[in-house]
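# Coordinate inspection notes
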Amino acid sequence: MSEPLSRRRLLHEATGAAVAGLTSAGPAVAALRPGRIKIANAAGSLNQTMAALMKQQRFMESFKLDPEMMQVSDGSKILGGVVSGTVDASTMSGFGQVFPAVERGAPLKILAGGALVPALAMYTGKPYIKSLKDLEGRIVGVGSVGALVHQLSVALLRKKGVDVSKIRFVNVGSSADVFRAVSAGTVDAGPASASLIADAARYKARLIPGGNMSVELAEYTYQGAWTSDRKIATQRDLIVRTLAAYAKLYRFVHRPDAKHAFIAARRSVFPNAPQSDHEAEWAYVQAYKPFAVNLVLSSERLRYMQALNVSFKVQKSILPFERVADMTLARDALRLLG
């Protein structure tokens, strides 16, 4: 397994030297033909806010795209949609399951980064759970076993010396569903948005010490963009434009002056949420600057992800970078930005 990446280096990757501000695509965009693309992404609260912000700011339309965007709570369903071709691409979802799928022969490629650090933390509402070790013998709510939220939970618990064979993992749904289950006490613990840490007590929950994955698993690439080889061959131009729109979104949301737009977008998704929730998620984005503004993922990052899969025995061996990734579309997208 590759050596853990330092937090300083992770933040450097996330920020990059070439992101001083949004750039104009100029004549290159003017020459583009309108196109439609179907995207399926994970359904966490931050992802839903980012989707609303993308729509609100019309970043996709700025590249002459007509997007159909779906938020899906089950990562295995996203994989099925991409493999079957009913979905053109996923741009903000976990891709740990892509590697074993490729190993089994699925023609898939990882194209770019999304969120570079996990935006989750492990919560409990049970007074008898004082540490992650106390989860042994308990029920932990996750998404589908083997998908992103489950894999992150296992990676965190293993790192902290917890015997995961003694934990019963149950599929609750999205991270938002998990938090509701923790709050209701139907599970002993579970991972949900890290932005809830400061205000978790309002929902009868609290962070388990050592459970902030944005800190404890900073080397784990939380989300990325990926698609099939067939879509790359037949819709490369549309996918490149889509990646450019996401780069534009990521650069925008890392700017302090994007606060009003971000909170307006989040309020449109969660109209009944208190203002403190909106402020907390904004504070999280500004504190961690989590998004891949330069899109391109390194071979080291993908090797780390594969090494975890091998340790989980869901993948037999680490595959060559060229077999699992194609970063040329991300580089083309950056050139389109200017």
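What you see is a predicted model; the values in this text were computed from it and never measured.

The next point concerns the overall build of the chain. Along the chain, the regular secondary structure elements total 14 helices and 10 strands. Each principal axis of the C-alpha atoms in the chain carries an extent, and together these give about 60 × 45 × 35 Å. Counting the 338 residues in the chain, one finds 57% classified as buried. In the chain, the share of contacts with a sequence separation of at least 24, taken over all contacts with a separation of at least 6, comes to 84%. Surface summary for the chain: the accessible area is close to 13700 Å², and the carbon and sulfur share equals 55%. Side chains of the chain carry 43 positive and 26 negative charges; the gap between the two charge centres is 1 Å.

Extensive coverage of strand β10 (residues 224-228) is indicated by the burial of 5 of its 5 residues. Where burial is concerned, the two faces of β10 agree: the one with G224, W226 and S228 and the one with A225 and T227 are both buried. The sheet contact formed by strand β3 (residues 90-93) and β10 spans 2 bridges and is antiparallel. Bridge pairing in β10 places S93 opposite G224. Judged from the 5 bridges that link them, strand β4 (residues 108-113) and β10 form a sheet pairing that is antiparallel. Along β10, the bridge assignment pairs A112 with A225.

Ranked by internal contacts, the top residues of the largest apolar core, which has 115 residues, are F95, I110, M122, L135, L243, Y250 and F291. When residues of this core are assigned to their parent elements, the largest contribution, 13 residues, is made by helix α9 (residues 229-253). Every residue in contact with L243, bar those within four places of it in the chain, is listed here: L111, A112, A225, L295, L329, A330 and A333.

If you trace the backbone, V140 turns up in strand β6 (residues 139-142). With residues near it in sequence (within four places) discarded, V140 still touches M122, L135, I167, R168, F169, V170, A189 and G190.

What follows concerns the packing of aromatic side chains. All chains considered together, the criterion is met by 8 aromatic pairs. Between the aromatic rings of F95 and F99, the centroid separation amounts to 6.0 Å while the plane-to-plane angle is 70 degrees, which identifies the pairing as edge-to-face. Pair check on accessibility: F95 and F99 agree, each one buried. Pairwise contacts between aromatic rings join Y123, F179 and Y203 into one cluster.

With that settled, the discussion passes to helix α10 (residues 259-269). Residues of α10 that are buried: A261, F262, I263, A265 and R266. For α10, the secondary structure elements touched by its buried residues are α3 (45-57), α9 and α11 (275-288).

Put simply, α9 and helix α14 (residues 328-337) touch, their axes get as near as 8 Å, and they point 60 degrees apart. In this view, α9 runs oblique relative to α14, as classed from their interaxial angle. Crossing of α9 over α14 shows right-handed handedness. Counting all contacts with α9, which are made through I232, R236, I239, V240, R241, L243, A244, A247, K248 and R251, the residues of α14 involved are T328, L329, A330, D332, A333, L334, L336 and L337. Here the contact of α9 with α14 is composed, by residue class, of 12 nonpolar, 1 polar and 5 charged.

Take the side chain of D88 next. As for its placement among the helices and strands, D88 is situated in the loop between α4 (75-84) and β3. Among the polar contacts made by the side chain of D88, one reaches the side chain of K231 at a distance of 2.9 Å. Setting aside chain neighbours within four positions, we find D88 in contact with R36, I37, K38, T227, K231 and Q235.

The backbone of K204 shows a phi angle near 60 degrees, a positive value even though the residue is not glycine. Non-glycine residue K313 carries a positive phi angle of around 65 degrees. Along the chain, K313 falls in the loop between α12 (299-312) and α13 (321-324).

Further remarks concern the sheet that holds β3. The strand order β3-β10-β4 describes an open sheet built from 3 strands, whose pairing is antiparallel. Among the strands making up the open sheet, the edge pair consists of β3 and β4. Averaged over all pairs of adjacent strands, the angle between strand axes in this sheet comes to 35 degrees, irrespective of strand direction. Sitting on the sheet, α4 is in contact with β3, β4 and β10, with an inclination near 40 degrees to β10.

Calculation rules
- Residues numbered from 1 in each chain as written.
- Predicted model: local features only at pLDDT ≥ 70, side-chain atom pairs only at ≥ 80, totals over all residues.
- Heavy atoms only, no water.
- Helix = DSSP H or I, 4+ residues; strand = E, 2+ residues; numbered from the N terminus.
- Buried < 20%, exposed > 50% of the residue type's maximum accessible area, 1.4 Å probe, protein only.
- Contact = heavy atoms within 4.5 Å.
- Areas by Shrake-Rupley, 256 points an atom, 1.4 Å probe, with all protein chains shown as cover.
- Lys, Arg positive; Asp, Glu negative; His and termini not counted.
- Charge placed at Lys NZ, Arg CZ, Asp CG, Glu CD.
- Pairing = 2+ DSSP bridges.
- Core = buried A, V, L, I, M, F, W, Y, C linked by side-chain atoms within 4.5 Å.
- Phe/Tyr/Trp six-rings, centres within 6.5 Å; stacked < 30°, edge-to-face > 60°.
- Axes fitted to C-alpha atoms, helices over the stretch in contact; angles between N-to-C directions.
- Parallel < 35°, antiparallel > 145°, perpendicular 65-115°, else oblique.
- Left-handed = near helix turned anticlockwise from the far one by under 90°.
- Nonpolar A, V, L, I, M, F, W, Y, C, P; charged D, E, K, R; others polar.
- Polar contact = N/O pair within 3.5 Å; in protein donor to acceptor, adjacent residues only side chain to side chain.

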